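# Architecture and fold: a report
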Amino acid sequence: DSGVTQTPKHLITATGQRVTLRCSPRSGDLSVYWYQQSLDQGLQFLIQYYNGEERAKGNILERFSAQQFPDLHSELNLSSLELGDSALYFCASSVGRGPRTDTQYFGPGTRLTVL
Amino acid sequence: AQSVTQLDSQVPVFEEAPVELRCNYSSSVSVYLFWYVQYPNQGLQLLLKYLSGSTLVKGINGFEAEFNKSQTSFHLRKPSVHISDTAEYFCAVSPSGGSGNTGKLIFGQGTTLQVKP
């Protein structure tokens with residue numbers, strides 16, 4: 001158990017809908033990262049937040065948005081869902097801003113299925 | 001921009017045999033290098049990382065990796081594998097220094113290690 005929790009574990013929805021994925025980082029971790037794992041794209045970095053502020057952005061679609069709240073949990077919002085958004089979404093957390101001094105710990109993921 | 005290539009999508013090996021999982025990267029800036037493991041239905045777990053210094057890095061579960069700057073490679077090795085090592089292995093890089101030090105990980109496509117009895 002990494003200490004990172006993600007809810008829900010599974011999510012099944014229809015095209016055009018909107019969903020929210022939730023992540024609670026390990027106690028004391030200030031950074032939260034979101035990754036998408038799909039069969040065709042592999043593991044892709046979406047976005048990083050550090051202590052409530054956006055730190056880095058990757059291949060995140062405009063239909064997707066994220067935020068980190070004052071209690072440091074994070075939510076990833078996916079809207080106007082398409083079949084291709086079906087994937088495993090991972091959240092990771094770390095103490096600091098980057099990898100030089102700390103490690104990213106991954107949650108178990110949320111499996112999103114868009115029908 | 002950075003990219004990571006894992007040269008083998010699947011590596012079958014017999015138990016107690018040695019194994020090498022190959023990883024090459026491309027980057028215009030200095031990077032940190034990582035190997036992660038993903039067991040079935042689980043999240044990723046860090047095996048080892050290279051930040052600087054000695055090019056031979058030792059990690060958990062008996063794995064080690066060697067950074068070769070001239071060949072831009074970071075191959076993962078284990079002298080004797082166990083059935084429990086069956087998993088997906090991911091090589092990753094992260095830009096280092098300045099505004100690049102964000103923790104963003106760029107992953108390869110993964111290598112499935114299948115350990116047979």
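Above this text sits the structure in question.
The following paragraphs examine the structure supplied in this document.

Quick notes on the rules
- Residues numbered from 1 in each chain as written.
- Chains lettered and ligands numbered in written order.
- Predicted model: local features only at pLDDT ≥ 70, side-chain atom pairs only at ≥ 80, totals over all residues.
- Heavy atoms only, no water.
- Helix = DSSP H or I, 4+ residues; strand = E, 2+ residues; numbered from the N terminus.
- Rg over C-alpha atoms; globule rule 2.2 N^0.38 Å.
- Contact = heavy atoms within 4.5 Å.
- Core = buried A, V, L, I, M, F, W, Y, C linked by side-chain atoms within 4.5 Å.
- Buried < 20%, exposed > 50% of the residue type's maximum accessible area, 1.4 Å probe, protein only.
- Pairing = 2+ DSSP bridges.

So, about the overall build of chain A. Within chain A, the regular secondary structure consists of zero helices and 11 strands. Reading the helices (α) and strands (β) of chain A from amino to carboxyl end gives β-β-β-β-β-β-β-β-β-β-β. Taking 13 Å as the expected radius of gyration for a compact globule of 115 residues, we find that chain A reaches 13 Å, a close match to that expectation. Considered along the principal axes of its C-alpha atoms, chain A spans approximately 40 × 30 × 25 Å. Counting contacts in chain A only where the partners sit at least 6 residues apart, residues at least 24 apart contribute 56% of the total.

If you look at the biggest cluster of nonpolar residues, it comprises 30 residues, and the most contacted ones within it are W35, L48, L76 and Y89 of chain B. Apart from residues lying up to four places away in sequence, L76 of chain B is in contact with V19, E20, L21, W35, L47, L48, F63, E64, A65 and Y89 of chain B. V4, L11, L21 and A66 of chain A belong to the second-largest nonpolar core, a separate cluster that totals 21 residues.

Time to look at the pairing of strand β9 (residues 87–94) of chain A. Residue and element names in this part refer to chain A. The buried fraction of β9 is high, at eight of eight residues. Both faces of β9 are covered, namely the face carrying A87, Y89, C91 and S93 and the face carrying L88, F90, A92 and S94. Sheet topology places β9 next to strand β11 (residues 110–114); three bridges connect them, and they run antiparallel. By the bridge assignment for β11, L88 is matched with R111. Both β9 and strand β10 (residues 105–106) contribute to a ladder of two bridges, which runs antiparallel. Note that in β10 the partner of S93 across the bridge is Y105.

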